[in-house]
Amino acid sequence: MTKPLTGVQRVFLLDAAMGLTAAESARKHEQTEDTARNALKAARRKLGALSTTHAVALGLSLGIISYTDVLKGQ
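Residues numbered from 1 in each chain as written. Predicted model: local features only at pLDDT ≥ 70, side-chain atom pairs only at ≥ 80, totals over all residues. Heavy atoms only, no water.

A.B. asks: Can you walk me through the overall build of the chain in this structure?
C.D. replies: Along the backbone of the chain there are five helices and zero strands. When the helices and strands of the chain are read in sequence order from the N terminus, they spell out α-α-α-α-α. Its C-alpha atoms give the chain a radius of gyration of 11 Å, near enough to 11 Å, the size a compact globule of 74 residues would have. Taken over the C-alpha atoms alone, the chain extends approximately 30 × 25 × 20 Å along its principal axes. (Helix = DSSP H or I, 4+ residues; strand = E, 2+ residues; numbered from the N terminus. Rg over C-alpha atoms; globule rule 2.2 N^0.38 Å.)

A.B. asks: What am I meant to see in the nonpolar core here?
C.D. replies: Most often, soluble globular proteins keep nonpolar side chains buried together rather than apart. In terms of nonpolar packing, the biggest core is built from 18 residues, with Leu13, Val56 and Ile65 touching the most fellow members. When residues of this core are traced back to their parent elements, those giving at least two are helix H1 (7–17), helix H2 (22–28), helix H3 (33–47) and helix H4 (52–62). The element contributing the most residues to this core is H3, with five residues. Leave out the neighbours within four places in its chain, and Ile65 touches Arg10, Leu13, Leu14, Ala17, Val56, Gly59 and Leu60. (Core = buried A, V, L, I, M, F, W, Y, C linked by side-chain atoms within 4.5 Å. Buried < 20%, exposed > 50% of the residue type's maximum accessible area, 1.4 Å probe, protein only. Contact = heavy atoms within 4.5 Å.)

A.B. asks: Any chance you could explain H4 here in plain terms?
C.D. replies: Counting along an α-helix, one turn takes 3.6 residues, and residues three or four places apart therefore face a common direction. Within the span of H4, buried status applies to Ala55, Val56, Gly59 and Leu60. Buried residues of H4, viewed axially, fall in a sector of 135 degrees; they line one side. Residues Thr53 and Ser61 are exposed on H4 and point more than 90 degrees away from its buried face. Residues of H4 that are buried make contact with H1, H3 and helix H5 (67–72). Positive backbone phi, at 80 degrees, marks Gly63, one or two positions downstream of H4. (Arc of directions from axis to C-beta.)

A.B. asks: What exactly am I supposed to notice about unusual backbone geometry here?
C.D. replies: Trans peptide bonds make up most of the peptide bonds, and negative phi angles are found at most residues other than glycine. A positive phi angle, near 55 degrees, is found at Glu30, a position not held by glycine. Residue classification places Glu30 among the exposed positions, given a relative accessible area of 72%.

A.B. asks: Which parts of the structure should I look at to understand the side chain of Ser25?
C.D. replies: Mapped onto the elements of the fold, Ser25 is located in helix H2. Side chain to side chain, Ser25 and Asp15 meet in a polar contact 2.5 Å long. For Ser25, the contacting residues outside a window of four places in its chain are Phe12, Asp15 and Leu20. (Polar contact = N/O pair within 3.5 Å; in protein donor to acceptor, adjacent residues only side chain to side chain.)

A.B. asks: Please clarify how the environment of Glu30 should be interpreted in this entry.
C.D. replies: With respect to the helices and strands, the residue Glu30 is situated in the loop between H2 and H3. Along the primary structure Glu30 and Tyr67 are separated by 37 residues, whereas in three dimensions their C-alpha atoms are 24 Å apart.

In structure tokens, the structure reads:
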């Protein structure tokens, strides 16, 4: 079982699923790049993922993020 992600971690994970870099995602949400990187790192740790790509795959398979969200860009 995985630990729940915070809203911020979910948002940055969703952006990663849409192909945005941490820098692009940070600009999109008016945050620092460090905030984006730290949120993704925490999301990877909570999901037990080996990489951001792995975290995205786990997020999709566990329903944390959805294909619909990715396609909408939300």
